[in-house]
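Structure at a glance
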Amino acid sequence: DQQVKQNSPSLSVQEGRISILNCDYTNSMFDYFLWYKKYPAEGPTFLISISSIKDKNEDGRFTVFLNKSAKHLSLHIVPSQPGDSAVYFCAASAQTGANNLFFGTGTRLTVIP
Amino acid sequence: EPEVTQTPSHQVTQMGQEVILRCVPISNHLYFYWYRQILGQKVEFLVSFYNNEISEKSEIFDDQFSVERPDGSNFTLKIRSTKLEDSAMYFCASRQARNINQPQHFGDGTRLSIL
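Treat the numbers as computed from the prediction; the structure is a model and nothing was measured. (Residues numbered from 1 in each chain as written. Chains lettered and ligands numbered in written order. Predicted model: local features only at pLDDT ≥ 70, side-chain atom pairs only at ≥ 80, totals over all residues. Heavy atoms only, no water.)

What the rule picks out here adds up to 18 aromatic pairs over all chains. Here A:Tyr36 and A:Phe103 contribute two aromatic rings whose centre-to-centre distance is 5.9 Å and whose plane-to-plane angle is 45 degrees, an arrangement assigned as tilted. Remark: A:Phe103 occurs in strand β10 (residues 102-103) and A:Tyr36 occurs in strand β4 (residues 32-38); sequence separation between them is 67 residues. This pair shows no difference in class: A:Tyr36 is buried, exactly as A:Phe103 is. Relative to B:Phe45, the ring of B:Tyr35 has its centre 5.8 Å away and its plane inclined at 70 degrees; by these criteria the two rings are edge-to-face. Of this pair, B:Tyr35 sits in strand β4 (residues 31-37) while B:Phe45 sits in strand β5 (residues 44-50), placing them ten residues apart in sequence. Residue classification places B:Tyr35 among the buried positions, given a relative accessible area of 0%. Three or more aromatic residues joined by ring pairs make a cluster, and in this case those are A:Tyr36, A:Phe46, A:Phe89, A:Phe103, B:Tyr31, B:Tyr33, B:Tyr35, B:Phe45, B:Tyr50 and B:Phe106. Over the face of the ring belonging to B:Tyr31 we find B:Arg95, whose NZ or CZ atom lies 4.5 Å from the ring centre. (Phe/Tyr/Trp six-rings, centres within 6.5 Å; stacked < 30°, edge-to-face > 60°. Helix = DSSP H or I, 4+ residues; strand = E, 2+ residues; numbered from the N terminus. Buried < 20%, exposed > 50% of the residue type's maximum accessible area, 1.4 Å probe, protein only. Lys NZ or Arg CZ within 6 Å of the ring centre and 35° of its normal.)

So, in structure tokens, the structure goes:
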């Protein structure tokens, strides 16, 4: 099951610079996309989401971009802070039934002070 | 801020035994979920629950598994006759259903170790 893919297992960024995390999906029925952040020994924490009727959603330092034609979304964090170091999961769902989530494999972000 | 709570945080069980994983979803949420993450793999959907019945389930959720909401607050996952391959992190999640664009909120998980 590779419906949601995160091709970069890790990313290192200097503090204050922009972090860009990428995600691709294959299922054209997906219309709601989310980013979760996960620290060790904790569950995924919701960060930001976007509906397929939009191409951008912004919340403070976090912006998610959606390119439906390319079936691609990205998360931008600017400026990056050391506390942002975590594993970031992309997830997607179709707005039918119970909206169960399909997750990517995650990208480990390290922000270097 | 309200949160999803899961107990226990770590469960060690002999193969073949039954385990019950417990979750208390956020109080005004109406949809409940179980996911699991085998070490080194992605988070996988198991089952969703709404209005006191299963809404959807994945291929993983076979007859070995069952879910229950025994009272107004708890949501449980029972695994009968556990196998070594059931060792994983199990996450409970809940979601408000009033607005369709509502995220799922996750607990911190139960680490299940089958010996």
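Right, let's talk about the sheet that holds strand β3 (residues 19-25) of chain A for a bit. Residue and element names in this part refer to chain A. Strands sit in the order β1-β3-β8-β7-β6 across an open sheet of five strands; the sheet is antiparallel. Both outer strands of the open sheet, β1 (4-5) and β6 (56-59), are each paired with one neighbouring strand and no more. For β1 and β3, the ladder comprises two bridges, and the chain directions are antiparallel. Paired with valine 4 across the strands is tyrosine 25, a residue of β3. (Pairing = 2+ DSSP bridges.)

So, on to the nonpolar core. Core analysis: the biggest nonpolar cluster contains 23 residues, and A:Phe33, A:Trp35, A:Leu73, A:Leu75 and A:Tyr88 have the highest contact counts within it. If you list the elements that add at least two residues to this core, you get β3, β4, β5 (45-51), β7 (62-67), β8 (72-77), β9 (86-93) and β11 (107-112) of chain A. A per-element tally of this core places β9(A) first, with four residues. With 22 residues, the next largest nonpolar core counts B:Cys23, B:Phe32, B:Leu77 and B:Tyr90 among its residues. (Core = buried A, V, L, I, M, F, W, Y, C linked by side-chain atoms within 4.5 Å.)

Residue and element names in this part refer to chain B. Here four strands make up an open sheet; going across it, the order is β1-β3-β8-β7 and the pairing antiparallel. Bordering the open sheet on either side are β1 (5-7) and β7 (65-68), each of which pairs with just one other strand. Geometrically, the sheet is characterised by an average inter-axis angle of 20 degrees between neighbouring strands, direction not taken into account. (Axes fitted to C-alpha atoms, helices over the stretch in contact; angles between N-to-C directions.)

Residues A:Glu42, B:Glu1, B:Glu3 and B:Asp108 make up a contiguous surface patch of negative charge. Inspection of the secondary structure assignment puts B:Glu3 in the segment before β1. (Patch = residues over 30% accessible without salt bridge, like charges linked within 9 Å, V, L, I, M, F, W, Y side chains within 5 Å. Areas by Shrake-Rupley, 256 points an atom, 1.4 Å probe, with all protein chains shown as cover. Salt bridge = Lys/Arg side-chain N within 4 Å of Asp/Glu carboxyl O. Lys, Arg positive; Asp, Glu negative; His and termini not counted. Charge placed at Lys NZ, Arg CZ, Asp CG, Glu CD.)

Bear in mind that shape data such as this cannot, by itself, settle questions of function.
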